Amino acid sequence: MKIVVHIDDAAQWQTALANAMPQATVLTSDAPESERQNADYLAVWKAPAYLLQEQTQLKGIINLGAGVDYLLKTSGLPSGVPIVKLRDAGMGELMADYVLYGVLHFYRSMDRYAFQQQSATWEPHAVPEKAQWPVGVLGLGAIGSFVATHLSQAGFPVVGWSRSPKKINGVRCLHGNQGLDELLSQVQSVVTILPDTAATEGLLNAERLAKLPKGASVINPGRGSLIDEQALLDALGDAQTPGHVRGALLDVFCEEPLPANHPLWQHPNVIVTPHMAAPTPLHEAIDQVISYIKAFEAGETLATVTPSEGY
Ligand code: GLV
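Rules behind the numbers
Residues numbered from 1 in each chain as written. Predicted model: local features only at pLDDT ≥ 70, side-chain atom pairs only at ≥ 80, totals over all residues. Heavy atoms only, no water. Domains from an automatic or database assignment. Contact = heavy atoms within 4.5 Å. Buried area = accessible area lost by both parts, 1.4 Å probe. Helix = DSSP H or I, 4+ residues; strand = E, 2+ residues; numbered from the N terminus. Buried < 20%, exposed > 50% of the residue type's maximum accessible area, 1.4 Å probe, protein only. Pairing = 2+ DSSP bridges. Axes fitted to C-alpha atoms, helices over the stretch in contact; angles between N-to-C directions.

### Some words on the domain arrangement of the protein
Okay, step 1: Domain boundaries in the protein define domain 1 (2-87 + 280-297) and domain 2 (91-272).
Okay, step 2: Taking the mean C-alpha position of each, domain 1 and domain 2 sit 33 Å from one another.
Okay, step 3: Every contact between the two is made by 11 residues of domain 1 and, on the other side, seven residues of domain 2.
Okay, step 4: Summed over both sides, the interface between domain 1 and domain 2 buries roughly 620 Å², with carbon and sulfur atoms accounting for 58% of that surface.

### A look at the side chain of D69
Okay, step 1: Tracing the sequence through the fold places D69 in helix α4 (residues 69-73).
Okay, step 2: The exposure class of D69 is buried, given its relative accessible area of 7%.
Okay, step 3: If we ignore the near neighbours within four places in the chain, the residues touching D69 are D196 and R223.

### Describing the sheet that holds strand β12 (residues 270-272)
Through backbone hydrogen bonds, the strands of a sheet pair up, either in parallel or in antiparallel fashion.
Okay, step 1: The strand order across the open sheet formed by seven strands is β8-β7-β6-β9-β10-β11-β12, and the pairing between neighbours is parallel. Looking at which strands have only one partner, the edges of the open sheet turn out to be β8 (171-175) and β12. Across the sheet, the mean angle from the axis of one strand to that of its neighbour is 15°, orientation sign disregarded.
Okay, step 2: Bridge count for strand β7 (residues 158-162) against β8 is five bridges, and the pairing is parallel. Bridge pairing in β8 places W161 opposite L174.
Okay, step 3: Running over the sheet, helix α7 (residues 142-153) touches β6 (135-138), β7 and β8 and is turned about 170° from β6.

### Re the sheet that holds strand β4 (residues 60-63)
Okay, step 1: Spatially, the five strands line up as an open sheet ordered β2-β1-β3-β4-β5, and their pairing is parallel. Strands with a single pairing partner mark the edges of an open sheet, and in this sheet they are β2 (25-28) and β5 (83-85). The average undirected angle you get between the axes of adjacent strands in this sheet is 20°.
Okay, step 2: Sheet topology note: the strand β1 (residues 2-6)/strand β3 (residues 41-44) ladder contains four bridges and is parallel. Paired with V5 across the two strands is A43, which belongs to β3.
Okay, step 3: Contacting β1 and β2, helix α1 (residues 10-20) runs over the sheet at an angle of about 175° to β2.

Written out as structure tokens, the structure is:
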């Protein structure tokens, strides 16, 4: 069996996979073309088009991340080959830490203290009760539901939203357009953890941002396409005239890396991080990759990605 790996630190993944599956030939995409071809499985993150195009007998593609948007947009993706993606695989916890940091940043007025420090202003702000600080989580897949549960365990009232109805202990789950409006009108922070699909593009547009209570914050560790960036900038206002939205913690952008001249870099109420909220953790992910390959080989039915839905 031949497995070809493509990801930033592919050599580490190659070693871990080869150790766990000594009967398999595990290569990285740096191997010569003649060796890379005829793979049974690709385990990839942001694979180059040629790697997909040159394969002729793939039994499955394993996406080494939670979002399949990059993969589905890669030209030459063979149709009909089953695709599986990592489900949580340790990313839930990383994402939950990132989001909790963002919620606490605004809840404990860290944004205000950063401004005050510039003028040596010693002025404590009252800490509201957590019960008065509902947080909304848009997207309740494996990672979104982990994040929602984590926030709820940290003491925040959590409202979750997904396309179809969901039930999560400790989380008030809403769905549909009406559910989204209801959520937005109630939360102090809104967190976006949805996949990038035709249905989610620009979900947080000017109209929906305006539904947030004044002073709410936005945390986006999901995908840049979920938010209309110009609408967010307009809602944030500027240093002289603060807008409806108080601030944002953003990890993902419509264009990545975020261009150096993009106004989000300069905005005083925005924290930009370079798509680092939940890097795929090697060990947990490897276990999942191995179990996927074993299941493919055993002819088991796997929960595969539906390309037409985008996740
Ligand atoms: C990261 O962006 C992922 O989809 O895993």
